[in-house]
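In case you want the letters, here they are:
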Amino acid sequence: MITIQKHDFDVAHEYQNLLQENTTGGVVIFSGLVRDFSEHHDHLTIQHYPNMTESVLEKIEAEAQQRWPLLETRIIHRVGKLSVNDQIVFVGVSSAHRKAAFSACEYMIDILKTQAPFWKKEGDEWVEAKDSDNDVADTWLKK
Amino acid sequence: MDNEINILYFASLAESLGRDDEKFELQTPSIISSLQLKEQLATRGPEWKILLAPSTRCSVNLVISSDDTEIKPGDEVAFFPPVTGG
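Residues numbered from 1 in each chain as written. Chains lettered and ligands numbered in written order. Predicted model: local features only at pLDDT ≥ 70, side-chain atom pairs only at ≥ 80, totals over all residues.

### Quick look at the interface of chain A and chain B
Facing 22 residues of chain A, the contacting portion of chain B comprises 13 residues. Those elements that place two or more of their residues in the side of chain A that touches chain B are strand E3 (43–48), helix H2 (52–67), helix H3 (98–115) and strand E7 (118–122) of chain A. Per-element accounting of the side of chain A that touches chain B gives the leading share, 5 residues, to H3 of chain A. Residue composition of the side of chain A that touches chain B, grouped by class: 13 nonpolar, 7 polar and 2 charged. (Contact = placed C-beta atoms within 7 Å. Helix = DSSP H or I, 4+ residues; strand = E, 2+ residues; numbered from the N terminus. Nonpolar A, V, L, I, M, F, W, Y, C, P; charged D, E, K, R; others polar.)

### A short note on the pairing of strand E4 (residues 70–78) of chain A
All names here are of chain A. Judged by how many residues are buried, E4 sits mostly within the fold: 7 of 9 residues are covered. Where strand E1 (residues 2–5) and E4 come together, 4 bridges link them in parallel fashion. Each residue of the ladder has a partner; that of glutamine 5, found in E4, is arginine 78. Here E4 runs beside strand E6 (residues 87–95); their pairing, made up of 6 bridges, is antiparallel. (Buried ≥ 20, exposed ≤ 12 C-beta atoms within 10 Å, placed from the backbone. Pairing = 2+ DSSP bridges.)

### Considerations on the sheet that holds E1 of chain A
All names here are of chain A. Spatial strand order, E1-E4-E6-E2: 4 strands in an open sheet with mixed pairing. Whereas interior strands pair on both sides, the edge strands pair on one side only; in this sheet they are E1 and strand E2 (26–33). For this sheet, the mean inter-axis angle between neighbouring strands, taken without regard to orientation, is 10°. When E2 meets E6, the two strands line up antiparallel, connected through 8 bridges. Residue pairing across strands places valine 28 opposite valine 93, the latter belonging to E6. The strands touched by H2 within the sheet are E1 and E4, with E4 carrying the most contacts at an inclination of about 155°. (Axes fitted to C-alpha atoms, helices over the stretch in contact; angles between N-to-C directions.)

Functional significance is not addressed by these values, which are geometric in nature.
As structure tokens, then:
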């Protein structure tokens, strides 16, 4: 399931939702936070392209489900104004086995970072995309 | 009016072009490629040349397009810089 929202999310609650009775062998979750990025600004703003964002995230989930034997997948991404230490993004995966869960979680956040139409603005400066993020995503796409 | 497409601009691109969206009338023939649209818009002035930059992304109906993707009346086209979410 995917959600784009302004409000915060509760990792413990999301973790519980990933559990499937008797079949879950492992859960891997990633949460991304706003770190202290500048002496001059203490907030960032996240803009997105509504509709396309949902469409891209749904494709990322579907592709992960194709590549690995997963039980549940969850993506939450916040938009709007965020402060240092705020949670930005949540990716959670449950599976019968840990390896599939680790790989799928990493895949989903790596592809999200390079394909989902979100843009971060630190204070009044738009953040530049990183080549290193593209390299990581390309590695997955070649597999 | 029947030949209109909707164009959206996001993030730094919207700021440098001074707009978030616009209605755009396609000339006849009313089906053009993504590259042709970019070239038409780029004639508006120097700041519009950014649409032709390799780093500028273009989507047609919510899917990332290539230069030969067809655009027809009623389509939603968007231009934006490389994404930085997550």
